[in-house]
Number of protein chains: 2
Amino acid sequence: MTEPLRSGSVIGILGGGQLGRMLSVAASRLGYRTHIYEPGAAPAADVSVALTQARYDDLDALRAFAEACDVITYEFENIPAEALDILSETTPLYPGRRALEVSQDRLTEKRFLAELGLATAAFAAIDGPDDLEAALAATGLPAILKTRRFGYDGKGQARVTDPGGAAEALSMLEGAPAIAEGLVDFSREISVIAARGRDGSVAAYDPGENVHVDGILATTTVPAAIPAALRTDAVLIASRILNALDYVGVLGVELFVTPGGLIVNEIAPRVHNSGHWTQAGCAVDQFEQHIRAITGWPLGDGTRHADVVMENLIGADVNRAPALASERGVQVHIYGKSETRAGRKMGHVNRVTGPAR
Amino acid sequence: MTEPLRSGSVIGILGGGQLGRMLSVAASRLGYRTHIYEPGAAPAADVSVALTQARYDDLDALRAFAEACDVITYEFENIPAEALDILSETTPLYPGRRALEVSQDRLTEKRFLAELGLATAAFAAIDGPDDLEAALAATGLPAILKTRRFGYDGKGQARVTDPGGAAEALSMLEGAPAIAEGLVDFSREISVIAARGRDGSVAAYDPGENVHVDGILATTTVPAAIPAALRTDAVLIASRILNALDYVGVLGVELFVTPGGLIVNEIAPRVHNSGHWTQAGCAVDQFEQHIRAITGWPLGDGTRHADVVMENLIGADVNRAPALASERGVQVHIYGKSETRAGRKMGHVNRVTGPAR
């Protein structure tokens, strides 16, 4: 076994939101310090030793940041390629470039998954209005048009139910390169959070069952109410993706459960909202697992010792936190954002519903 | 229910060691920021927004610190009374003055416990050599001489096995006011970590069983191998102490298991090393429980959902951490101290041994 990065080293984190905040906390548990790079408000900076407040195209700031860090990671995938070039000249960056390229673009991602032999929704590229008819013929109707890049929490999407509405739907994406996706007839949405170490070892958590409301994750429940064979399939799919990308760190894979088996919805090259339950259900949570992976610690084994329901606190939901906190087995996480806004993730609660079944 | 302290508020923590570090992390989970006050090295500052590096008799620094904080707490009990006066003029301080006065002085503590009707070791005050004979007659032999103040991890103690060695033992305490304690014939050492909220509510964790080596805690195991009746007794003892002190925050109570029942060894008005297992065994760990108590959140219920063995990493033990991290159910905590020294607490591991029995 090689030695992990030495205690006291500085982990750079691109992005200063709640994921960066929880990564910083996990880093501290392993004896590390963190440096946050964030152009906007940075609640993660409350638990880090340094904050670089600069844009992702500020090359000087990026260079100085990279020089101040021993290893760099990120809490979100929309980092410009130029920034990655600058950073990785100086300092190791995990997960690597290929994972970001694949996950930044929905078309690249779908093609990557299809080449791995994994099932996805039917899809087709749309570079402009002329591609619409052929694309929708490939996906069938209804379909969803999505921007290839920069979408999250249901943003950058428009639904097409009949051919006459296609042009208008596309116009809502404001000319951005797009993809059409066929609808998947699924019974449940699940996700699997898995990690791969620098040494190629892989560890996965039990799949969680997700409920989305208005395009935003509302709850994740473990164990998911699916047969054991599908749990195994989910973990095998995640492992195949991790290995194909020569990945280092934690990856989230969203899957649809269909009568024909699992279909991959999307992947996120980072810790994932649907993995927050691990904070209450596992000895090593997804944040520590990610820090272990990128710093060369052995991965934790991912065993779940409790059943958990994670509930996001969106917007004014956060005002319910004190009442929730008094309930049995409830662990509260408040992200320290200065302003409560509708649709904004303000915190979450993990409710331990019992020892692991 | 009253509202908790608002998100983004600053919690001042006196002491910047590992307990302050883990308190800071817990504060961040509830949306708070922390400000550390520490004269020496401060690993807690890695996860706080501010550090005041000053002595506890620097009145100006204390005043400025108090003004910068919305509430103040501490990670160790040896804070001078003058410092407490200055701080509490400006800012609420929890746990309160009385808890500190009682626990700072072994004689005051023993008298307080005896007045509550709780069993303790036989004890007697020793203000000087002239008191030795009467004190040892009261405690019997062998006895342990301890300084009344500033002892920890077995420091400031000397054992007396025969009357002829008493004077020499006392001289090892270098003239400090002392106390003689009779030896207790115990089968096990346990401790109970309990909390009391601002509203007077009390919550306790399951007692843990402790093994000390060379006067330093080596392991804590939950559940403790004691009858259910003793577990209840331990919690009742802790509750009585919390209420008598009108306490706010987490308290650690060390107890001896004897044929005649439980005997209180000592109390610590703070989060306690023997409560670290709660990080892996409970939805709300002792650090979050303490932050909840002092900021007016409802207390967590303390239910244990996993069996855990906590092991301290003392001195060079910390080099074993990467190997331990690869074992099943092991959660690693490294304190980020810059120098490894013999006898120094460098970290700990929590090993989940299974769902709660």
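Residues numbered from 1 in each chain as written. Chains lettered and ligands numbered in written order. Predicted model: local features only at pLDDT ≥ 70, side-chain atom pairs only at ≥ 80, totals over all residues. Heavy atoms only, no water.

**Thoughts on the overall build of chain A**
- Across its full length, chain A holds 11 helices and 17 strands.
- When its C-alpha atoms are laid out on the principal axes, chain A stretches across 60 × 50 × 45 Å.
- For chain A, buried positions account for 61% of its 357 residues.
- If you take every contact in chain A between residues at least 6 apart in sequence, the share linking residues at least 24 apart comes to 61%.
- For chain A, the accessible surface area stands at approximately 13400 Å², while carbon and sulfur atoms represent 49% of it. (Helix = DSSP H or I, 4+ residues; strand = E, 2+ residues; numbered from the N terminus. Buried < 20%, exposed > 50% of the residue type's maximum accessible area, 1.4 Å probe, protein only. Contact = heavy atoms within 4.5 Å. Areas by Shrake-Rupley, 256 points an atom, 1.4 Å probe, with all protein chains shown as cover.)

**Focus: the pairing of strand β2 (residues 33-37) of chain B**
All names here are of chain B.
- Of all five residues that make up β2, four are buried, and the element is covered over most of its length.
- Two strands pair when backbone bridges link them, and strand β1 (residues 10-14) and β2 are joined in this way by five bridges, in the parallel orientation. Bridge pairing in β2 links valine 10 to arginine 33.
- Taking the sense of rotation as the criterion, the β-α-β connection linking β1, helix α1 (residues 18-29) and β2 turns out right-handed.
- Relative to strand β3 (residues 50-52), β2 is paired through three bridges, and the arrangement is parallel. Bridge pairing links tyrosine 37 to threonine 52 in β3. (Pairing = 2+ DSSP bridges. Right-handed = clockwise from strand over helix to strand, strands pointing away.)

**Considerations on the environment of B:Arg159**
All names here are of chain B.
- In this structure, arginine 159 sits in strand β7 (residues 157-160).
- Looking at arginine 159, the relative accessible area reads 53%, which means it is exposed.
- Sequence-wise, arginine 159 and leucine 170 are 11 residues apart; in three dimensions their C-alpha atoms are separated by 9.1 Å.

**Thoughts on the sheet that holds strand β2 (residues 33-37) of chain A**
Residues and elements named next belong to chain A.
- Reading across from one edge, β3-β2-β1-β4 is the order of the four strands in this open sheet, with parallel pairing throughout. Two strands bound the open sheet, and with one partner strand each, they are β3 (50-52) and β4 (71-74). Taken over all neighbouring pairs, the strand axes of this sheet differ in orientation by 25° on average, direction set aside.
- Looking at chain direction, strand β1 (residues 10-14) and β4 are connected through four bridges and run parallel. Directly across from isoleucine 13, in β4, lies its bridge partner threonine 73.
- Here helix α2 (residues 59-68) sits on the sheet in contact with β1, β2, β3 and β4, set at roughly 170° to β2. (Axes fitted to C-alpha atoms, helices over the stretch in contact; angles between N-to-C directions.)

**Digging into the sheet that holds strand β5 (residues 123-126) of chain B**
Residue and element names in this part refer to chain B.
- The strand order across the open sheet formed by four strands is β5-β8-β6-β7, and the pairing between neighbours is antiparallel. Since the sheet does not close on itself, it has two edges, and those belong to β5 and β7, each with one partner. Neighbour-to-neighbour, the strand axes of the sheet open up by a mean angle of 25°, direction not taken into account.
- Two elements, strand β6 (residues 143-147) and strand β8 (residues 178-182), share five bridges in a ladder whose sense is antiparallel. The partner of threonine 147 across the bridge, within β8, is alanine 178.
- The sheet strands contacting helix α6 (residues 132-139) are β5, β6, β7 and β8, and the helix crosses β5 at an angle near 170°.

**Looking at the pattern of salt bridges**
All names here are of chain A.
- Applying the stated rule across the entire model yields 46 salt bridges over all chains.
- Two residues, glutamate 339 and arginine 341, come together in a salt bridge whose shortest N-O distance is 3.4 Å.
- By relative accessible area, which is 42% here, arginine 341 ends up partly exposed.
- Shared partners join several salt bridges into a network, and the residues in it are Arg29, Asp285, Glu288 and Arg292. (Salt bridge = Lys/Arg side-chain N within 4 Å of Asp/Glu carboxyl O.)

**What to know about the interface of chain A and chain B**
- With 43 residues of chain A at the contact, the number on the chain B side is 43 residues.
- Counting each side, the surface lost to burial between chain A and chain B is near 3500 Å², with a carbon and sulfur contribution of 59%.
- Residue B:Asp301 pairs with A:Arg328 through a salt bridge whose shortest N-O separation is 3.8 Å.
- Connecting chain A to chain B are 14 residue pairs in polar contact (both at pLDDT 80 or more).
- Contributing elements (two or more residues each) for the side of chain A that touches chain B: α1 (18-29), α10 (286-295), α11 (321-325), β16 (330-334) and β17 (345-355) of chain A.
- Take the side of chain A that touches chain B: its biggest share by element is five residues, from β16(A).
- Of the residues that constitute the side of chain A that touches chain B, the class distribution is 24 nonpolar, 11 polar and eight charged. (Buried area = accessible area lost by both parts, 1.4 Å probe. Polar contact = N/O pair within 3.5 Å; in protein donor to acceptor, adjacent residues only side chain to side chain. Nonpolar A, V, L, I, M, F, W, Y, C, P; charged D, E, K, R; others polar.)

**Side note on the relation of the copies chain A and chain B**
- Each copy of the sequence occupies a distinct position, and chain A is placed on chain B by a rotation of 180° and an axial shift of 0.0 Å, giving an RMSD of 0.0 Å. The superposition operator between the copies reduces to a two-fold rotation axis. When each C-alpha of chain A is compared by its distance to the rotation axis, A:Val47 comes out closest, at 1.9 Å.
- Counting the interface residues of chain A, we find that 100% of their copies in chain B are interface residues as well, pointing to one common contact surface. (Least-squares fit on C-alpha atoms with pLDDT ≥ 70 in both.)

**Points about the confidence of the model for chain A**
- Predicted confidence across chain A gives a mean pLDDT of 94, with 99% of residues reaching 70 or more.
- Scoring the predicted complex yields pTM 0.95 and, for the interface, ipTM 0.93. (pLDDT = per-residue confidence, 0-100.)

**Remarks on the environment of A:Gly281**
Residues and elements named next belong to chain A.
- Tracing the sequence through the fold places glycine 281 in helix α9 (residues 278-281).
- Take glycine 281: its relative accessible area is 0%, and that puts it in the buried class.
- Setting aside chain neighbours within four positions, we find glycine 281 in contact with Thr303, Arg304, His305, Ala306 and Val308.

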